[in-house]
Amino acid sequence: MTSTTTSTDHGLSKFHRLLLEQVRHEFTASQQYIALAAWFDEHDLPQLAGFFYRQSLEERDHAMMIVRFLIDSDVTVSIPATDEIRNDFDTARDLVALALRQEQEVTAQFQHLVKVAREENDYSGEEFLHWFLKEQREEVSTMSTLLAVVDRSNGNLFDVETFVARELSSTGEEDHTAPETAGPEVS
Ligand SMILES: [Fe+2]
Ligand SMILES: [Fe+2]
């Protein structure tokens, strides 16, 4: 029998299946940011290292927000391995460009999730995604500013360090609109 419904082999909606994949994307982003942070750390750029270590914790929290939502939606969660992590870089610009690309990809993933939630009339799922859309707008904007600053610095990474210390050093005040994580929040 062929099925034309939105259910998959696992009896999950397409939306829930994509959300399970999004857990993997967020953990991949988290691990990738640790790789970037470690590179900056090794290259004596502590502000950039600190920024990416903090970004890594945020991505980990994003994964755990989705885990919380899936558990609350009675979806059986299996925690995935991450995708391949890139560790070989030549210049600081490569790392920031990768971070921007990663945020753009994640934005596209959330936009697709919204589309699928709509197609499946999953209103509570769609509502859950709103915070992530806002978060992605901010993260793409931050990374594209950082890339512009790197380009403008003409290889003087100490200028970039000063910028990060001045503009990107604190995690800011707590965002009370953020979805709840499964277990403690770390960022
Ligand atoms: Fe994220
Ligand atoms: Fe992100």
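Residues numbered from 1 in each chain as written. Chains lettered and ligands numbered in written order. Predicted model: local features only at pLDDT ≥ 70, side-chain atom pairs only at ≥ 80, totals over all residues.

The name given to the chain in an unreviewed UniProt entry is Ferritin, with Salinactinospora qingdaonensis as the source organism.

Visitor: Describe the packing of helix H2 (residues 46–72) against helix H5 (residues 157–167), listing the residues and the values that go with them.
Guide: At their nearest, the axes of H2 and H5 sit 8 Å apart, and the two run at 45° to each other. Between H2 and H5, the angle falls in the class oblique. The two elements H2 and H5 cross, and the hand of that crossing is left-handed. Facing Gln-47, Leu-48 and Phe-51 of H2, the residues of H5 in contact are Val-160, Glu-161, Val-164 and Ala-165. Along the lines of polarity and charge, the residues of the contact of H2 with H5 split into five nonpolar, one polar and one charged. (Axes fitted to C-alpha atoms, helices over the stretch in contact; angles between N-to-C directions. Helix = DSSP H or I, 4+ residues; strand = E, 2+ residues; numbered from the N terminus. Parallel < 35°, antiparallel > 145°, perpendicular 65-115°, else oblique. Left-handed = near helix turned anticlockwise from the far one by under 90°. Contact = placed C-beta atoms within 7 Å. Nonpolar A, V, L, I, M, F, W, Y, C, P; charged D, E, K, R; others polar.)

Visitor: With reference to specific residues and values, describe the environment of Gln-109.
Guide: Locating Gln-109 in the fold gives a position in helix H3 (residues 92–119). For Gln-109, a count of 16 C-beta atoms within 10 Å puts it in the partly exposed group. For the pair Gln-109 and His-25, spaced 84 residues apart in the sequence, the C-alpha separation amounts to 9.1 Å. Look past the residues within four positions of Gln-109 in its chain and what remains in contact with it is Gln-22 and His-25. (Buried ≥ 20, exposed ≤ 12 C-beta atoms within 10 Å, placed from the backbone.)

Visitor: Help me get a handle on the nonpolar core, residues and values and all.
Guide: Counting residues in each nonpolar core, the largest one holds 20 residues, and the members touching the most others are Leu-36, Ala-37, Phe-40, Leu-48, Ala-49, Phe-52 and Val-96. Tallying contributions element by element places helix H1 (residues 14–42) first for this core, with six residues. Contact partners of Leu-36, with chain neighbours within four places excluded, come to Phe-52, Leu-95 and Ala-99. Counting 17 residues, the second largest nonpolar core, distinct from the first, contains Leu-19, Met-64, Ile-66 and Phe-128. (Core = buried A, V, L, I, M, F, W, Y, C linked by C-beta atoms within 7 Å.)

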